[in-house]
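One letter stands for each residue in the lines below.
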Amino acid sequence: MADKVRIYQLARDLEIDNKQLLAMLDDMGVAYKSHASTLEGDVAETIRQLVAEEKSSATPAATAATAAPAAEAATPAQPAGAQAPTLPPRAPVVTVMGHVDHGKTSLLDHIRKTKVAEREAGGITQHIGAYQAQTPNGLVTFLDTPGHAAFTAIRQRGANATDIAVIVVAADDSIMPQTREAIAHAKAAKVPIVVAINKIDLPQASPDKVMRDLMQVELVPEAFGGDTIVVPLSAITGQGVDDLLEMLSLVAEVEDLRADPAAPARGVVIESVLDKRAGVLATVLVQEGTLHVGDYLVCGEVWGKVRRLTDHTGAIIAEAGPSVPVQVLGFSHLPHAGEEVVHAPDEASAKQLTVQRQSEREEAEREAIGRKGLTLADLFGKPKTKTIHLLLRADTQGSLEAIKGVLAQAGEDVPEVELDLMLAEVGSPTESDLLLASTAEASILSFGVTAPGSVLKAAERQKIPMKTFRIIYDLIEEVERMIKGQIEPTFEERVLGHAEVRMVIKVPRSGNIAGSYVTDGLIRRGAKARLKRGGREVYKGSIAQLRRFKDDVREVTSGFECGINLQNYDNVQEGDVIEAYEMVEVAAA
């Protein structure tokens, strides 16, 4: 009986495309998950026979076709039956992500045959790099991100710069918090995921454990009957790296990635920096068309003329086609990472487009301000719901669930304020959390875990509220304070006392003083006051001065006489009643 074989291996042996072989399997009704699925020996043998028969039957037809070339050439092509020309294939764009120190940069270092990792501080990627590598299966473009935060930052702006995501997992460390986050970000981008199990050369490596752990994040390896491609490798020795490149090429072949190099240039900004000597430098990934020196470009509200193109090796080039990352010199201002770059026919058109975009943005902002203007709640005093955005981190799942339950109850107790728990995960706060918090103006609360120093500094720099608690009740009290701070305070009047005016004393330069007798309560200097005459209110203000004989006093209690000077009011009369009161905040129920 013939041995089992993977689909892509069989396609390679038969010298046919993977897509062609997959179509044959569909016609035969053979179930498979991907091009990396395994076929039974008898199915593979049937495929071999069918391919052999097709090749043999095609030979006579080819002979007959060469017998009358002149006749065919003389027959004009029929426009109705003509097919549109197929776009040329382009290199796949691969983003490499994973937990810190799991070997992302070392893997790319081996592929590119350069020493990027050694040039970077501590061997950890400090910025986004875009590189192209020539592999036995063709060119592959790699985006080396400092983490999934940059990956998401680009995606948040509507750009889809990645075709395939490679998640690097260390064989001696398995799935870590940043691994889970990277997988979640890749899934959200809806791109194929390939898992590279790195460091299999270490004595403590356990690739089998990693594959079992992958199932916990809903990535079932092919070896376990799933459709996730998993490649064990070592970035140090190079073992398995060729297998990874082959898998990436196979995935790209199935995805059928194509682009028109003759179309107007279009791409996405991967990063931009302000160089002290050169000025604004933007790393652009060309996605369609061909970018030339001298072209005019528009990116958001920024325009520029390409004055120089530099490839990933530092060489100055004249043009860059689809899937080629290139550093562009020529923008007047820094474009944002993730912004789309489009070609403009000339300088006037580029400027006009930026002005138009700026006007549209300003108009949208004005409309937003208008929508946030006067509402029925403002007119009739109805309470408006306010939202508190939170990111929660805890040391254990049990703590996390307990805190979530208490917070949910706290939110229900105050209908005027809504608690939006945007993220609730086990582990320390990450750079990705900061990105999410800054986008949503959220606060980050941690219980039992402490953020790394770099994250704390970044949060302080970005002015993102981040607090750590060791006692769960302290965290709950903090949230209650945040809720209370969002509630509009309610005040009510509290009467302090009354005084009857028995004599009006005219004092030069001081106005009229109401010689009064405190009938109940007390009269306090600075308190709010109203003056009643015949049961009708004739004045409302405050007590400016309070005297006992010749002395200024703070307050006078019931049964004593005093002199009262009302703020900006002299028309007091005998028999008037002065009511002193204050506004006190009513505690929330």
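A brief report on the enclosed structure follows.

Calculation rules
- Residues numbered from 1 in each chain as written.
- Predicted model: local features only at pLDDT ≥ 70, side-chain atom pairs only at ≥ 80, totals over all residues.
- Heavy atoms only, no water.
- Helix = DSSP H or I, 4+ residues; strand = E, 2+ residues; numbered from the N terminus.
- Buried < 20%, exposed > 50% of the residue type's maximum accessible area, 1.4 Å probe, protein only.
- Contact = heavy atoms within 4.5 Å.
- Patch = residues over 30% accessible without salt bridge, like charges linked within 9 Å, V, L, I, M, F, W, Y side chains within 5 Å.
- Areas by Shrake-Rupley, 256 points an atom, 1.4 Å probe, with all protein chains shown as cover.
- Salt bridge = Lys/Arg side-chain N within 4 Å of Asp/Glu carboxyl O.
- Axes fitted to C-alpha atoms, helices over the stretch in contact; angles between N-to-C directions.
- Parallel < 35°, antiparallel > 145°, perpendicular 65-115°, else oblique.
- Left-handed = near helix turned anticlockwise from the far one by under 90°.
- Nonpolar A, V, L, I, M, F, W, Y, C, P; charged D, E, K, R; others polar.
- Phe/Tyr/Trp six-rings, centres within 6.5 Å; stacked < 30°, edge-to-face > 60°.
- Lys NZ or Arg CZ within 6 Å of the ring centre and 35° of its normal.

Brief notes about the overall build of the protein
Secondary structure summary: the protein contains 16 helices and 29 strands in total. Across the 589 residues in the protein, those meeting the buried criterion constitute 43%. When contacts within the protein are restricted to residue pairs at least 6 apart in sequence, those whose partners lie at least 24 apart make up 68%.

With respect to a nonpolar patch on the surface
On the surface, a cluster of nonpolar side chains totalling about 230 Å² of accessible area is made up of Met503, Ile505 and Val507. Tracing the backbone shows Ile505 in strand 22 (residues 490–507).

A short note on the packing of helix 14 (residues 431–440) against helix 15 (residues 453–462)
The geometry of a pair of packed helices is captured by two quantities: the angle between their axes and the separation between those axes. Between helix 14 and helix 15, the shortest axis-to-axis distance is 10 Å and the interhelical angle comes to 15°. Classed by the angle they form, the pair helix 14 and helix 15 counts as roughly parallel. The way helix 14 lies across helix 15 gives a crossing that is right-handed. Within the contact between the two elements, helix 14 uses Glu431, Leu434 and Ser438 and helix 15 uses Ser454, Val455, Ala458, Ala459 and Gln462.

Structural notes on the packing of helix 1 (residues 7–14) against helix 2 (residues 18–28)
Where helix 1 meets helix 2, the axes come as close as 9 Å, and the angle between the chain directions of the two elements is 115°. Compared by their axis directions, helix 1 and helix 2 come out roughly perpendicular. Crossing handedness for the pair helix 1 and helix 2: right-handed. Contacts between helix 1 and helix 2 involve Ile7, Tyr8, Leu10 and Ala11 from the first element and Asn18, Leu21, Leu22 and Leu25 from the second. Here the residues of the contact of helix 1 with helix 2 are counted per class, giving seven nonpolar, one polar and no charged.

Here we look at the packing of aromatic side chains
Evaluated as defined, the whole model comprises two aromatic pairs. Between the NZ or CZ atom of Arg530 and the centre of the ring of Tyr581, over which it lies, the distance is 4.3 Å.

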